[in-house]
Amino acid sequence: MRIGTSMSTKRLDEVCVNEYKIPLIVMMENAILSAIKHLDMDLYDKYIVVSGVGNNGGDGLGIARQLKARGKDVKVFVVGSMEKITPCSKTNLDILKAMNISCRTLDIKGENINILEELKTSIKNSDVLVDCIFGTGLEREVKGVFKDIINIINTNKNLVYSIDVPSGINATTGEILGVCIKADKTISFEFYKRGFLKYETKEYIGDVVVEHVGIPEHIIKKYDDNEYITSIDFVKGNIKSKNKFSFKNNFGKVTIFAGSKGFSGAAFIASEAAIKSGSGLVTLVCDEDIQDIISSKVSEGMTANYKEENRINKLIETSSAIGFGCGMGDNKLTLERLEYVLNKSNCPMIIDADGLNVLKNNINILKKCENRIIITPHLGEMSRLTGKSISYIKENRLDVAKEFAKENNIIVLLKGYETIITDGNILYINPTGNSAMANGGMGDCLLGMITSFIGQGLEIFNAVVCAAYIHGYIGDILSKKLYTVNATQIINEIPSIMNEFDIEINL
Ligand SMILES: NC(=O)C1=CN([C@@H]2O[C@H](COP(=O)(O)OP(=O)(O)OC[C@H]3O[C@@H](n4cnc5c(N)ncnc54)[C@H](OP(=O)(O)O)[C@@H]3O)[C@@H](O)[C@H]2O)[C@H](O)CC1
Ligand SMILES: [K+]
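Here's a quick rundown of the structure. Bear in mind the structure is a predicted one, so any value in this text is a computation, not a measurement.

**Quick notes on the pairing of strand β14 (residues 321-324)**
Move 1: Side chains A321 and G323 of β14 all project onto a buried face; the interleaved residues I322 and F324 project onto the opposite face, where all are buried too.
Move 2: For strand β11 (residues 253-257) and β14, the ladder comprises four bridges, and the chain directions are parallel. Pairing of F257 across the sheet is with F324, part of β14.
Move 3: Sheet analysis places β14 next to strand β15 (residues 349-351), joined by three bridges and oriented parallel. Pairing of I322 across the sheet is with M349, part of β15.
Move 4: Chirality of the crossover, the property in question, places the unit of β14, helix α13 (residues 332-344) and β15 among those that are right-handed.

**Some words on the site of ligand 1**
Move 1: In the region of ligand 1, 20 residues are neighbours, and D13, D59, K84, G135 and D164 sit closest.
Move 2: Contact distances for ligand 1 include 2.9 Å between an oxygen atom and a backbone N or O atom of G137.
Move 3: In the model, an oxygen atom of ligand 1 is placed 2.9 Å from a nitrogen or oxygen of the R140 side chain.
Move 4: Computed on the free molecule, ligand 1 has an accessible area of 940 Å², of which 83% lies beneath the protein chains in the complex.
Move 5: Broken down by secondary-structure element, the contributors of at least two residues to the shell around ligand 1 are α1 (6-19) and α3 (55-69).
Move 6: Element by element, the count of residues in the shell around ligand 1 is highest for α3, at three residues.

Cut-off values and rules
Here the residue numbers are simple positions, counted from 1 along each chain's written sequence. Each chain takes a letter, starting from A, and each ligand takes a number, starting from 1, following the order in which they are written. This being a predicted model, a pLDDT of at least 70 is required before a residue's local features are given, and a value of 80 or more before pairs of side-chain atoms are given or counted; all residues contribute to the totals for chains, interfaces and linings. The side-chain values count all of the structure's non-hydrogen atoms but skip hydrogen atoms and water molecules. Exposure is judged per residue with a 1.4 Å probe applied to protein chains only, and the accessible area is read against the type maximum: over 50% gives exposed, under 20% gives buried, and values in between give partly exposed. Numbered from the N terminus, helices here are DSSP runs of H or I no shorter than four residues, and strands are runs of E no shorter than two. We call two strands paired when DSSP finds no fewer than two bridges between them. The path from the first strand over the helix to the second decides the hand: if it runs clockwise while the strands point away from the viewer, the crossover is right-handed. Only heavy atoms are used to decide nearness, and a residue is near a molecule or strand if one of them lies within 4 Å of it. Under the rule applied, a polar contact is a pair of N or O atoms within 3.5 Å (in protein, one hydrogen donor and one hydrogen acceptor; residues adjacent in sequence only if both atoms are side-chain atoms). A 1.4 Å probe and the Shrake-Rupley method give the accessible areas. Residues count as covered only by the protein chains that appear here.

Here is the structure:
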């Protein structure tokens, strides 16, 4: 699913109208017809449409007409200055008038008390209110009669369905411009609006569906912002399929540097996740004093310790991907080891946990490894790496991740609710995962999965996107029956879920 801003909508509309000669009223009618599919007409009969005078309002007026045409009871309120009504909204208003559908008008300068009372009563007597006051055209504070109406809708509400965006939100930034409709459902057009990704907007947007307005795919592709929400089809289309002619060399050889005394679990989880994700060969490099414990647990993997220099060099040279950092300790030795592996390797390298901690103030060591480094920080690690506060990163996580990836020529996977994956140009938001997974070992598991997918030969960026998706997808399935979901439970489910996806793509 594409992510877009107010600017993306405006730009696309202009291109469609000016270059492709698609009249705006045609796109508006498409928007109207796609929106009414989500108005639950099989459940409800009484609707109120509250429209502004921009094109979002025009959508509302057309929706009112289509509802009426389907035998529904519809009341329409139009708010705003009639001198400003857009041509498409005017056309839809004229049709309503010609059809004798009554529209109550709230002028911004006039005395509206009676009409506001009427609105309250109508809300009480209706099933659903369709909110079309503002869409992507709202960028400044909501005041006066607009504010009064939104407050009335929020306090007298039954069901509220917002068209394109809940009125009151800045579609690009997610800022609430003074007051905002609290929607039960938002029916948005073409793009999942970037502003909806801001955590604070969740209480306003309700369930979001994204519908098309009939813009040809190649036009959208040409003008989109390279920002997406990962879809299950993207993942199914990218994972490596097993067939009867495959053998272990086809599925990569990966090395994982992880673990230290007291942190053998991290090394175990990362290696086991790589094994279960389908790697042909997995070798764990760890301290000698934990090697035996791990060897006894990771029966399908190999282990090596740091004293075996020749063997380690060979592993680094021949690996198709290297994972580095889980449970290694935030110390000088880890930094030296990181530098050593970075210098000796040529393959993609995924750095997490203590690998990231030692990068703080040393980020320059990544500079010579262009385009093959993936870092997987959580907010705290990102804050240490960038020097920016956690709250700032939270507020601006898309842009912070993008800028950091671009500056350092790396892929950043920024963990959290709706994990971000970006190379500075393309950005994916991961929609899977949940709070039952917020416990130790999850990051180690993800590192193992990413290392494995890259090692198997998936395109690097896509491998990271797929690993994040499948990791959270399994967590979502397990959390339906488990209060907490642990990394080992995720690991155990990886083969069956991968198989499910693989079978579907081979059908
Ligand atoms: N391609 C598509 O996705 C299509 C989407 N459509 C719909 O069109 C809207 C965008 O329509 P637009 O006319 O650009 O903007 P809005 O309707 O959202 O808002 C503009 C009107 O709102 C007034 N306004 C703005 N801010 C305020 C405010 N704070 N207080 C009062 N009034 C405000 C603005 O007045 P100005 O004084 O600023 O001129 C306008 O009157 C999109 O969201 C979709 O719903 C199309 O249907 C088809 C293609
Ligand atoms: K709206």
